[in-house]
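Take a look at the letters that make up each chain.
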Amino acid sequence: MGVLITVLAVFVVAGLVLLALSVRNVQQYEKGVVFRFGRLLPDIRGPGLRVIRPIGDRMRKVSVQTEVLGIPPQGSITADNVTLTVDAVVYFKVIDPVKALVNVRNYPAAVSQIAQTSLRSVIGRADLDTLLSDRDHINAELKKVMDAPTEEPWGLRIERVEIKDIALPESMMRSMSKQAEAERERRARVIAADGEFEASQRLTDAAATMADTPGALQLRLLQTVVDVSAEKNSTLVMPFPVEMLRFFEHQSKATDGAPDRRVTHRVARRPAAPAGVVIPEPAVPAPAIAPALSLSGERVGSGGKRVGNRAEVARERRDNWPTRKDAEESLNG
């Protein structure tokens, strides 16, 4: 009786051990690939409790979650011969567990090496400006380059590739700072020039409006006077109209443009004298000299008469100036 109980106990323990070796727990984010004596079984085990043969079967679990892999900093030379250091990060996942286990060994390390070589290749084909300003294009091209050797042969899908940092030499950073400063200064000058141009156009329009409406200029003058007087200044500057200066200028020209009766003296050519005869030179009367005028407020005419304004002085000078007839009589006399 004791021997029978012992045998049953051995069988029970052996059954429990075999059951423990046969049951596998597969998580929701995993896929189970079973190898039977080293040969791949076509069925892929899903999540849950799965039973396999305790002898000869071996299950490998593959995670189908998205994995994040950092790429170490890579020194490279761009298309415009600029040396820089770039690091990036790769997001990938397993879409075919069989290929990920059978076709490649340690697929995370393989993806890391592919990412490093692809990163250097893409940077070598791009220039510095594109690398700094258009990272989306660089990331898309890098993903495209990495998809070719990983998706179909290895059963991996590259979901996203991002460039994290770009380290430039100090000399290049100083040069870029100077370039950016010069560009900002150029834009500032262009904006200032555009503002001056628009202001000049507005001033031209305002001047044309004031020229068409003389009262507008007077109103603007009064407004300026009001603005100046509002500051409680002890000195008030009154602008002098330019039109008044032009009026005095026209009057001066009209006065100076009075007819001038002065006669240019003509001297008749004498005939050649015979030999031995001396002909005396005729006496030429001195031209009449206009009397000097006083620059004071009262002007004095030729006869000592006081004249009030410049028009009367010109009229008096015109009346007393010798005429052509008087000049000819003085020459013939």
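Residues numbered from 1 in each chain as written. Predicted model: local features only at pLDDT ≥ 70, side-chain atom pairs only at ≥ 80, totals over all residues. Heavy atoms only, no water.

### Focus: the confidence of the model for the protein
Thought 1: On average, residues of the protein carry a pLDDT of 77, and 73% of them reach 70 or more.
Thought 2: For the protein, per-element mean pLDDT is lowest for strand E9 (residues 299–300), which scores 49, and highest for strand E7 (residues 83–94), which scores 92.
Thought 3: Considering only residues more than four positions removed or in separate chains, one finds that residues 261–270, a stretch of pLDDT under 50, has 14 contacts.
Thought 4: Scored below 50 in pLDDT, residues 283–302 makes 29 contacts in the model with residues more than four places away or belonging to other chains. (pLDDT = per-residue confidence, 0-100. Helix = DSSP H or I, 4+ residues; strand = E, 2+ residues; numbered from the N terminus. Contact = heavy atoms within 4.5 Å.)

### Some words on the sheet that holds strand E8 (residues 156–167)
Thought 1: The sheet built from three strands is open, its strands ordered E6-E7-E8 with antiparallel pairing. Among the strands making up the open sheet, the edge pair consists of strand E6 (67–77) and E8. Strand-to-strand twist in this sheet, taken as the mean axis angle between neighbours without regard to direction, amounts to 25°.
Thought 2: Summarising the sheet, E7 and E8 pair through 10 bridges and their orientation is antiparallel. Bridging from a neighbouring strand, Val 94 pairs with Leu 156 of E8.
Thought 3: Contacts between helix H3 (residues 107–125) and the sheet are confined to E6, E7 and E8, with E6 contributing the most and set at about 35° to the helix.
Thought 4: Lying on the sheet, helix H5 (residues 135–154) is in contact with E7 and E8; it crosses E8 at an angle near 145°. (Pairing = 2+ DSSP bridges. Axes fitted to C-alpha atoms, helices over the stretch in contact; angles between N-to-C directions.)

### Remarks on the pattern of salt bridges
Thought 1: With the rule as written, the count across this model stands at eight salt bridges.
Thought 2: Glu 183 is the partner of Arg 186 in a salt bridge, and the nearest nitrogen-oxygen pair spans 2.5 Å. With Arg 186 and Glu 183 both in helix H6 (residues 170–212) and three residues apart, this pair spans about one turn of that helix.
Thought 3: Between Glu 185 and Arg 189 there is a salt bridge whose closest N-O contact spans 2.9 Å. You can see Glu 185 and its partner Arg 189 sitting in helix H6, four residues apart, about one turn around the helix. (Salt bridge = Lys/Arg side-chain N within 4 Å of Asp/Glu carboxyl O.)

### Observations concerning the sheet that holds strand E2 (residues 30–36)
Thought 1: Spatial strand order, E3-E2-E5: three strands in an open sheet with antiparallel pairing. The sheet is open, and its two edges are formed by strand E3 (39–45) and strand E5 (57–63), each paired on a single side. Direction aside, neighbouring strands of the sheet carry axes that sit 25° apart on average.
Thought 2: Relative to E3, E2 runs antiparallel, the two being bridged by four bridges. Looking across to E3, one finds that Phe 35 is bridged to Leu 40.

### Examining unusual backbone geometry
Thought 1: The backbone of Phe 37 sits at a positive phi, close to 55°, despite the residue not being glycine.
Thought 2: By secondary structure assignment, the location of Phe 37 is in the loop between E2 and E3.
Thought 3: We classify Phe 37 as exposed; its relative accessible area is 65%.
Thought 4: Positive phi outside glycine occurs at Asn 106, with the angle close to 55°.
Thought 5: Tracing the backbone shows Asn 106 in the loop between helix H2 (97–102) and H3.
Thought 6: Relative accessible area serves as the criterion here: at 48%, Asn 106 is assigned to the partly exposed category. (Buried < 20%, exposed > 50% of the residue type's maximum accessible area, 1.4 Å probe, protein only.)

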